[in-house]
Amino acid sequence: MSEPLVHNISIDSKHPKEPADNLSHLSVERRALLLGAAALATGALSEQAFAAPQAPDLSAALAKFRATIPGHFDREYIENAVVPFFLGSIFAGERPILPMIDLPLTKQDAIPYDFWGMLYEGWKPTPSEGVTVFLEGLENRGDNNLRKRIYFAGVTPDLYAPKYQAKVVTFFDKLLDSKHANKPFMRHYLDYYWDIYWDLHLGVKGEAVPPQVRTIGESFNTVLAYRNPLQEIVYENYMTVRALRIINRLRQNGGDPAVRAAFEKTMSGNFDNANGAPYTPLERLVMELFRTISPNGGSISAITDTRATSFYGGSPFAQFGLPYERHAYMNTPHTATSFDTRLWKEPERFDPERYLNVPTSAEINEVKCKQIGLPRCPFDMTTLTVSDGRKTGITNSGFGTVFAVSEGKPAPVCDYAGFAPFGFGYRRCPGEQLTIEVFADFLRKVWREKIVFHSLNQPRPGRVPVGPGAVIDDDIGFSRSA
């Protein structure tokens, strides 16, 4: 699931992350629990099998599992968050060669089942209470991905300067105010984040953002970061919900020399002049940062248990109505695809110029698809004209990637599997270009005001949750060079 802004941006994907608590002590019990439950439900094990030394001890496994659950946890939380977490599976998917995700890998309800309690009162998908396009399958979005196009109509590149840029610049002015110099950066970034998020979405900020809204947002992010529902911090923040790491690459001491050199080279030139290319030098720099950092690790899809229709027979849940349904998901990787040697020469090298030679969404048409070897475009190419007075249409490439055409001029994205941080095809994040513009303004300010980032070398830095599965040391600050 992709967010259309900077919500899940982390400072550096290579920075050590704090994983969820080590679950190895539960892995054997989990397998025994699942195997035993399936065997008891289907009668698949003979008496000899139960007597065999390797047969699982279901009662012991259940007792050990229960013993790991803190006694004060809410019963509904246990049934709807803890149990689904251990019964669910997320599988690693293939790296795409073409920037598409096939329709059997659906976005419908494609979120780990233990998260639903943070979205719906009843702990399960309840469309009558509201839905989001990020959790809808293509078949439920209207003709030709209509809901996605409607969403995208509000964040097209032609809107950034007149509608959003002033708010973004003001946000960075406050974020990088001198009073915050030489202090841990990420904590106050997270404190300020909700101002820019709600200002861009609804035009409210400061005291106009209710404190409970800020609390819900941070709590949701904390659950995503720590993840394991048996942890107290996850339990507390999960129940509260129910009621960047880019700067690290630029720091002076220990940053990435190739990134810093590319930054210096880009910003020393005419960085906002595309000179006939699809993207400006600054846009290419930001794109390469996102490719190498990949703030969103993958596109998660819901998958169907084929045992229900195959010769293997139905699952115990399907056949016997057992109380616990297992849910499975497929993760189509972003980071691994962005570094795939089948797609790039020297993918490890930081090179903003690589986007000068790959296809854009405006180029993926019927002719291009046939050149690739496809008999036709996998997705019909249609245009939705916006109704707010602009001469702008929301169209798509042959791969299903949505982009805008304003005043007859396309504003395409890089429609190539090797640039994967924002997803693929019809599933691509609609906020991609807005996010690139936001970070371009961030880099403009850093260059203009000679801001440098550095390690604070604190003996005991604070820990902050910055994204899914990522809790980091808050040990980077900034200052202004002479």
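Residues numbered from 1 in each chain as written. Predicted model: local features only at pLDDT ≥ 70, side-chain atom pairs only at ≥ 80, totals over all residues. Heavy atoms only, no water.

(A) Spotlight on the overall build of the protein chain. If you tally the helices and strands in the protein chain, you get 16 helices and 11 strands. Burial analysis of the protein chain (482 residues in total) assigns 49% to the buried set. Counting only carbon and sulfur atoms, one obtains 55% of the accessible surface of the protein chain, whose full area is about 22900 Å². (Helix = DSSP H or I, 4+ residues; strand = E, 2+ residues; numbered from the N terminus. Buried < 20%, exposed > 50% of the residue type's maximum accessible area, 1.4 Å probe, protein only. Areas by Shrake-Rupley, 256 points an atom, 1.4 Å probe, with all protein chains shown as cover.)

(B) Spatial organisation of the environment of P70. Mapped onto the fold, P70 is located in the loop between helix 3 (58-67) and helix 4 (75-87). Along the primary structure P70 and L230 are separated by 160 residues, whereas in three dimensions their C-alpha atoms are 7.5 Å apart.

(C) Representation of the nonpolar core in the model. By size, the foremost hydrophobic cluster in this structure holds 66 residues, and its most contacted members are L443 and F453. Top contributing element to this core by residue count: helix 7 (residues 185-202), with 9 residues. Residues F73, F85, F115 and W123 belong to the second largest nonpolar core, which totals 29 residues. (Core = buried A, V, L, I, M, F, W, Y, C linked by side-chain atoms within 4.5 Å.)

(D) A look at unusual backbone geometry. At N144, a position not held by glycine, the phi torsion is positive, near 55 degrees. Note that N144 resides in the loop between strand 1 (89-92) and helix 5 (146-152). For N144, a relative accessible area of 40% gives the class partly exposed. Located in the positive-phi region is E407, a residue other than glycine, with phi close to 55 degrees.

(E) Molecular detail of the confidence of the model for the protein chain. When pLDDT is averaged across the protein chain, the result is 84; 83% of the residues are at 70 or more. Predicted confidence for residues 1-53 stays below pLDDT 50, and this span has 128 contacts to residues more than four positions away or in other chains. (pLDDT = per-residue confidence, 0-100. Contact = heavy atoms within 4.5 Å.)

(F) Broad picture of the pairing of strand 11 (residues 476-480). Most of strand 11 sits out of view: 4 of its 5 residues are buried. Pairing geometry for strand 8 (residues 451-455) and strand 11, over 5 bridges, is antiparallel. By the bridge assignment for strand 11, H454 is matched with G477. (Pairing = 2+ DSSP bridges.)

(G) Structural context of the packing of aromatic side chains. Enumeration according to the criterion identifies 29 aromatic pairs in this entry. Geometrically, the ring pair formed by Y77 and Y238 is edge-to-face, given 5.1 Å between the ring centres and 75 degrees between the ring planes. Of this pair, Y77 sits in helix 4 while Y238 is found in helix 9 (residues 232-242), placing the two residues 161 residues apart along the sequence. In this structure, Y77 and Y238 share a single accessibility class: buried. On the numbers, 5.8 Å between centres and 40 degrees between planes, the contact of F379 with Y426 is tilted. With F379 in the loop between helix 15 (366-372) and strand 4 (384-385) and Y426 in the loop between strand 7 (409-411) and helix 16 (432-448), this pair connects stretches of sequence that are 47 residues apart. (Phe/Tyr/Trp six-rings, centres within 6.5 Å; stacked < 30°, edge-to-face > 60°.)

(H) Representation of the pairing of strand 2 (residues 298-302) in the model. For strand 2, the tally of buried residues reaches 5 of 5 residues, placing the bulk of the element in the interior. What you see with strand 2 is no split at all: G298, I300 and A302 on one side and S299 and S301 on the other are buried throughout. Two elements, strand 2 and strand 3 (residues 328-333), share 5 bridges in a ladder whose sense is antiparallel. What sits directly across from A302, in strand 3, is Y329.

(I) Molecular detail of the packing of helix 7 against helix 8 (residues 211-226). Running from N to C, helix 7 and helix 8 point in directions that differ by 120 degrees, and their axes come no closer than 11 Å. The orientation of helix 7 with respect to helix 8, classified from their angle, is oblique. Helix 7 and helix 8 meet at a crossing whose hand is right-handed. Counted together, R187, D191, W194, D195 and W198 of helix 7 and V213, R214, G217 and E218 of helix 8 form the full contact between these two elements. (Axes fitted to C-alpha atoms, helices over the stretch in contact; angles between N-to-C directions. Parallel < 35°, antiparallel > 145°, perpendicular 65-115°, else oblique. Left-handed = near helix turned anticlockwise from the far one by under 90°.)

(J) Representation of helix 6 (residues 157-175) within the structure. Along helix 6, the helix axis deviates most sharply at Y164, where the bend reaches about 60 degrees. Within helix 6 the residues assigned to the buried category are L159, Y160, Y164, V168, F171, F172 and L175. The inward-facing, buried residues of helix 6 abut helix 7, helix 16 and strand 11. (Bend = angle between axes of the 7 residues up to and from the residue.)

(K) Seen up close, the side chain of D475. For D475, the position within the fold is in the loop between strand 10 (470-474) and strand 11. Within the structure, the side chain of D475 is placed 3.0 Å from the side chain of Q458, a separation counted as a polar contact. Filtering out sequence-adjacent residues up to four positions away, D475 remains in contact with H454, S455, L456, N457, Q458 and P461. (Polar contact = N/O pair within 3.5 Å; in protein donor to acceptor, adjacent residues only side chain to side chain.)

(L) Just the pattern of salt bridges, in detail. Applying the stated criterion across every chain yields a total of 24 salt bridges. With its nearest N and O atoms 3.5 Å apart, the salt bridge here joins R349 to E346. Assessed through its relative accessible area of 38%, R349 is described here as partly exposed. The shortest N-O distance in the salt bridge between E449 and K445 comes to 2.6 Å. For E449, a relative accessible area of 25% puts it in the partly exposed group. Members of the salt-bridge network, linked through shared partners, are D173, K445, E449 and R480. (Salt bridge = Lys/Arg side-chain N within 4 Å of Asp/Glu carboxyl O.)

(M) Here's a closer look at the packing of helix 8 against helix 9. In contact at an axis separation of 8 Å, helix 8 and helix 9 are set at 145 degrees when each is read in the N-to-C sense. Crossing hand, helix 8 versus helix 9: left-handed. Residues T215, I216, S219, F220, T222, V223 and Y226 of helix 8 pack against I233, V234, N237, Y238, T240 and V241 of helix 9. A per-class count over the contact of helix 8 with helix 9 returns 8 nonpolar, 5 polar and no charged. (Nonpolar A, V, L, I, M, F, W, Y, C, P; charged D, E, K, R; others polar.)

(N) Quick look at the sheet that holds strand 2. Spatially, 1-3-2 is the arrangement adopted by the 3 strands of the open sheet, whose pairing is mixed. In this open sheet, the two edge strands, each paired with only one partner strand, are strand 1 and strand 2. Sheet twist, expressed as the average angle between the axes of neighbouring strands with direction ignored, equals 30 degrees.

(O) Geometry of the side chain of E136. Turning to its location among the elements, E136 is positioned in the loop between strand 1 and helix 5. A distance of 2.7 Å separates polar atoms of two side chains, one belonging to E136 and the other to R147. Leaving out residues up to four positions away in the same chain, E136 has contacts with K107, Q108, V131, R141 and R147.

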